[in-house]
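In case you want the letters, here they are:
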Amino acid sequence: MFAFILRRIYQSVLVLFCVSLVVFAILYLSGDPIQMLLPADASQEQIDEMRRHLGLDEPFWAQYLSFLRNALQGDMGRSFTFNQPAVKLILERAPATLELAVSAMILAILLGIPAGLFAAVKPKSWLTQIIMSGSLFGISLPVFWMGIMLIMVFSVFLGWLPSSGRGQTASFGGIQLGFLTWDGCKHLLMPAFTLAIHQVAMIVRLVRAGMMEVMLQDYIKFLRAKGLSERRVVLVHALKNIMIPVVTIIGLQTGYTIAFAIVTESIFAWPGMGKLVIDAIHSLDRPVILAYLLVVALMFVFINFMVDLTYSFLDPRIRLK
Amino acid sequence: MSGADVILEIKGLKTHFFTRRGVVKAVDGVDFSLRRGEVMGLVGESGAGKSITGFSILRLIDEPGRIVDGEVIFEGRDLLTVPEAEMRRLRGDRLAMVFQDPQTSLDPVFTVGSQIVESLVFHQSLSPSQAGSRAAELLRAVGIPDAEKRLAAYPHQFSGGMRQRVVVAIAMAQNPALLVADEPTTALDVTIQAQVLTLMRRLVRNHGTAMILITHNMALVGQFCDSIAVMYAGQLIEHGTKEKVIRDPQHPYTQGLIRSIPGRQERCRRLDQIPGMMPNLIDLPPGCPFRPRCPSAGGDCVQRPLLRPVGLDHQAACWRRNRP
């Protein structure tokens with residue numbers, strides 16, 4: 001177990017190193033931030049001065065090495081546009097994005113697993129027809145369209161839910177969280193649901209397919225022959241058996257919802273990392289983009305680590321080595 | 001085969017499967033009865049309806065199958081009419097089942113102990129600690145060494161034979177009146193088969209449990225059973241005490257089955273076979289289902305023969321009995 005964790009940490013460091021190198025190279029090739037930062041009529045002297053100041057006059061390897069040296073001390077450089085530490089900018093907004101993504105995933109799990117179970121156990125029910133066609137829509141419809149439709153119905157026509165922003169937040173351990181206040185919850189509901197729709201659809205289909213396979217197994221029949229109730233057979237035995245692929249997908253999708261919350265954040269004017277990064281990409285604000293991608297990569301690595309730990313908990317045949 | 005201590009009586013049992021290609025009459029009019037403590041071998045080739053008969057007794061038939069007709073009178077009650085909740089109380093308590101493949105009949109992600117305990121808790125309302133010590137007792141009874149420790153192990157940490165012992169322990173946990181064993185040793189090593197069967201026979205003897213041993217292995221039946229029922233194409237075609245059926249088989253199919261057992265005396269002899277294959281159970285032709293393969297079929301065989309007495313404790317469904 002300890003060796004497993006150590007090796008995962010080592011692998012994570014490697015992954016982060018590779019990500020940083022690739023991203024740094026792409027950014028280096030993708031344009032000159034000086035043109036974005038200075039007015040068009042700036043003199044050549046001003047441009048040279050700016051370039052020296054930001055360290056952009058040095059060759060690629062020198063720039064990368066100095067970035068790496070600083071990054072190892074937790075300093076990803078200062079944002080060109082905001083003139084603040086990039087890490088600080090990202091971390092200020094990370095809670096909003098994380099809150100949105102985690103709420104979306106919790107919503108997806110709470111809706112998707114029961115719906116998938118029902119669809120598998122009662123394949124002929126009318127509700128199953130609705131669940132399955134609904135999940136097809138959920139997979140097919142674009143997120144931005146769903147978001148706009150929700151705003152139209154619940155904010156414009158019905159006026160029940162606010163259409164933008166995060167609302168009131170409360171501080172918990174120094175982190176601003178919206179779901180602690182009623183207003184924050186109301187603001188969170190629609191964006192979280194928008195982000196969750198696709199994931200619900202995916203979980204429904206995965207749970208249903210897995211259940212239909214497991215329910216044909218001999219041990220299910222043997223459990224019934226023991227006299228166990230159908231509820232215990234399905235909710236305890238069958239469910240635990242299908243959790244491995246479900247947990248895998250939940251883990252991967254949590255990463256994706258964090259990374260791709262950008263669309264939802266734009267629709268609902270959610271003050272998360274997404275908006276910051278879009279702006280940073282437009283202005284070629286290298287430190288912010290780098291810091292963002294490294295933070296996201298770190299989250300992916302962490303989530304997958306948690307998924308691996310969950311595996312060994314769910315299935316005794318899987319050992320962590 | 002009658003008497004006051006009959007615990008199971010099956011009359012006209014029909015279990016059909018309604019598939020897209022037609023109705024499969026997997027079990028089509030089966031009658032037999034079983035006395036307390038009797039071990040009956042239910043033999044026949046694959047697809048003859050032996051397992052479906054067994055599952056029908058516990059009412060564990062999955063879609064698209066359905067028990068369409070008949071009675072299963074167990075301890076005086078027709079099981080086909082009791083409500084599902086009551087049926088659940090009987091399963092694993094008075095009625096138990098052992099499956100063919102021990103590799104797949106235990107849930108792989110729960111410990112063996114928890115799988116024994118859960119049925120004890122359900123049927124006897126034992127407290128978890130009582131159930132735990134009872135579970136260890138059960139494992140010891142089926143010959144698993146170091147039982148307390150093994151409770152915490154998972155099915156994949158047991159060998160096939162040991163796993164089947166666990167399955168038997170679960171099945172016998174409540175001293176059932178009837179145990180349906182569906183090819184319990186087919187998936188095991190030959191050396192382990194006899195061990196597991198001997199264990200099962202000892203347990204059912206000690207508890208007065210009646211057992212239906214479903215198998216296609218004639219030799220096994222001769223060794224372990226009191227009576228033998230032979231199934232063919234969803235019907236019972238011969239039924240009687242072990243001695244009668246093996247020494248003096250009446251139905252041509254049974255005779256063929258017994259001839260095809262490799263004997264000890266005649267080495268280097270080609271084994272006898274029954275020519276042909278069992279007919280498709282969809283659109284079974286009328287009359288005797290064995291007619292197309294029967295060496296002695298005649299004109300009267302277009303009528304379906306019913307099981308009728310051919311001697312003391314011996315029945316067969318053939319028009320031409322005694323004239324093989």
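Residues numbered from 1 in each chain as written. Chains lettered and ligands numbered in written order. Predicted model: local features only at pLDDT ≥ 70, side-chain atom pairs only at ≥ 80, totals over all residues. Heavy atoms only, no water.

Here we come to the overall build of chain B. Within chain B, the regular secondary structure consists of ten helices and twelve strands. Its C-alpha radius of gyration of 20 Å places chain B within 12% of the 20 Å reference for a compact globule of 324 residues. The principal-axis extent of the C-alpha atoms belonging to chain B is close to 65 × 50 × 45 Å. In chain B, buried positions account for 53% of the 324 residues. Counting contacts in chain B only where the partners sit at least 6 residues apart, residues at least 24 apart contribute 65% of the total. For chain B, the computed accessible surface area is about 14200 Å², with 50% contributed by carbon and sulfur atoms. Of the charged side chains in chain B, 39 are positive and 33 negative, and the gap between their average positions amounts to 4 Å. (Helix = DSSP H or I, 4+ residues; strand = E, 2+ residues; numbered from the N terminus. Rg over C-alpha atoms; globule rule 2.2 N^0.38 Å. Buried < 20%, exposed > 50% of the residue type's maximum accessible area, 1.4 Å probe, protein only. Contact = heavy atoms within 4.5 Å. Areas by Shrake-Rupley, 256 points an atom, 1.4 Å probe, with all protein chains shown as cover. Lys, Arg positive; Asp, Glu negative; His and termini not counted. Charge placed at Lys NZ, Arg CZ, Asp CG, Glu CD.)

The next thing to look at is the interface of chain B and chain A. With 29 residues of chain B at the interface, the matching set in chain A holds 23 residues. Summing both sides of the interface, chain B and chain A together bury roughly 2300 Å²; the carbon and sulfur share of this comes to 60%. Here chain B and chain A share five salt bridges between them. Two residues, Arg-224 of chain A and Asp-62 of chain B, come together in a salt bridge whose shortest N-O distance is 3.5 Å. At the boundary of chain B and chain A, one finds 13 residue pairs in polar contact (both at pLDDT 80 or more). Residue assignment for the side of chain B that touches chain A shows that the elements contributing at least two residues are strand S6 (95–98), helix H3 (112–124) and helix H6 (160–171) of chain B. A total of five residues in the side of chain B that touches chain A trace back to one element, the largest contributor, which is H3 of chain B. Class assignment of the residues belonging to the side of chain B that touches chain A gives a composition of 14 nonpolar, eight polar and seven charged. (Buried area = accessible area lost by both parts, 1.4 Å probe. Salt bridge = Lys/Arg side-chain N within 4 Å of Asp/Glu carboxyl O. Polar contact = N/O pair within 3.5 Å; in protein donor to acceptor, adjacent residues only side chain to side chain. Nonpolar A, V, L, I, M, F, W, Y, C, P; charged D, E, K, R; others polar.)

Another point: the side chain of Gln-199 of chain A. All names here are of chain A. Mapped onto the secondary structure, Gln-199 falls in helix H8 (residues 182–214). By relative accessible area, which is 7% here, Gln-199 ends up buried. Apart from residues no more than four positions distant in its own chain, Gln-199 is found in contact with Met-105, Ala-108, Gln-253 and Thr-257.

Let us now look at the sheet that holds strand S4 (residues 65–74) of chain B. Residue and element names in this part refer to chain B. Pairing is antiparallel across the open sheet formed by four strands, whose spatial order is S2-S1-S4-S5. A strand with exactly one partner marks an edge of an open sheet, and here the two such strands are strand S2 (22–35) and strand S5 (77–78). Pairing of strand S1 (residues 6–19) with S2, which is carried by ten bridges, proceeds in the antiparallel orientation. When the bridges of S2 are listed, Thr-19 appears paired with Gly-22. Helix H1 (residues 50–57) rests against S1, S2 and S4 of the sheet, and its axis sits at about 115 degrees to S1. (Pairing = 2+ DSSP bridges. Axes fitted to C-alpha atoms, helices over the stretch in contact; angles between N-to-C directions.)

A few words now on the pattern of salt bridges. Evaluated as defined, the whole model comprises 23 salt bridges over all chains. The partner of Glu-63 of chain B in a salt bridge is Lys-124 of chain A, with the nearest N and O atoms 3.5 Å apart. Taken as a pair, Glu-63 of chain B in the loop between H1 and S4 and Lys-124 of chain A in the loop between helix H5 (86–121) and helix H6 (126–140) lie in two separate chains rather than in one. Where salt bridges share partners, they join Lys-221, Arg-224 and Glu-230 of chain A together with Asp-62 of chain B into one cluster.

Ranked by internal contacts, the top residues of the largest apolar core, which has 102 residues, are Leu-8, Leu-178 and Ile-212 of chain B. Two domains each provide a minimum of three residues to this core, namely domain 1 (6–94 + 177–316) and domain 2 (103–173) of chain B. Leu-178 of chain B has contacts with Ile-7, Leu-8, Leu-34, Ile-57, Phe-74, Arg-94, Leu-95, Ala-96, Thr-209, Ala-210, Met-211 and Ile-212 of chain B, leaving out every residue within four places of it along the chain. Membership of the second largest hydrophobic core comes to 73 residues, among which are Ala-96, Ile-203, Leu-276 and Ala-291 of chain A. (Core = buried A, V, L, I, M, F, W, Y, C linked by side-chain atoms within 4.5 Å. Domains from an automatic or database assignment.)

With that out of the way, let us pick up the confidence of the model for chain B. Residues at a pLDDT of 70 or more form 95% of chain B, whose mean pLDDT is 87. Model confidence for the complex: the whole-complex pTM is 0.81, and ipTM, which rates the interface, is 0.87. (pLDDT = per-residue confidence, 0-100.)

Residues and elements named next belong to chain B. As assigned here, chain B comprises domain 1 (6–94 + 177–316) and domain 2 (103–173). One C-alpha centre belongs to domain 1, the other to domain 2, and the line joining them spans 29 Å. Counting residues at the interface gives 18 residues for domain 1, matched by eleven residues for domain 2. When the buried area of domain 1 at its contact with domain 2 is split by residue, Leu-179, Leu-199 and Leu-203 rank highest and sum to 33% of it. Elements with a minimum of two residues in the side of domain 1 that touches domain 2: helix H2 (84–90) and helix H7 (190–207). Ranked by residues supplied to the side of domain 1 that touches domain 2, first place goes to H7 with nine residues.

Residue and element names in this part refer to chain B. Across the sheet, eight strands lie side by side as S6-S7-S8-S3-S9-S10-S12-S11; this open sheet has mixed pairing. At either margin of the open sheet sits one strand with a lone partner, and together these are S6 and strand S11 (308–311). Averaged over all adjacent pairs, the angle separating strand axes in this sheet is 25 degrees, with direction ignored. Sheet analysis places S11 next to strand S12 (residues 314–316), joined by three bridges and oriented antiparallel. If you follow Arg-308 over to S12, its bridge partner there is Ala-316. Along the sheet face, H6 touches S6 and strand S7 (178–182) and points at about 175 degrees away from the line of S6.

Residues and elements named next belong to chain B. Taken across its six residues, strand S8 (residues 210–215) has six buried, putting it largely inside the fold. Here S8 shows no split at all, with Ala-210, Ile-212 and Ile-214 on one side and Met-211, Leu-213 and Thr-215 on the other all buried. As judged from the five bridges shared by strand S3 (residues 39–43) and S8, these two strands associate in the parallel manner. Across the sheet, Val-39 pairs through a bridge with Met-211, a residue of S8. Note that S7 and S8 share five bridges and pair parallel.

Two numbers describe a pair of aromatic rings. These are the distance of the centres and the angle of the planes. According to the stated counting rule, one finds 17 aromatic pairs over all chains in the structure shown. Taken together, a centroid distance of 5.6 Å and an interplanar angle of 75 degrees make the contact between Phe-222 of chain A and Phe-99 of chain B edge-to-face. Taken together, the residues Phe-222 of chain A in helix H9 (residues 218–225) and Phe-99 of chain B in the loop between S6 and H3 connect one chain to another. Residue classification places Phe-222 of chain A among the buried positions, given a relative accessible area of 2%. Residue Phe-99 of chain B is classed as buried on the basis of its relative accessible area of 2%. Grouping aromatic residues by their ring pairs yields a cluster made of Phe-17, Phe-24, Tyr-28, Phe-60, Trp-61, Tyr-64 and Phe-67 of chain A. (Phe/Tyr/Trp six-rings, centres within 6.5 Å; stacked < 30°, edge-to-face > 60°.)

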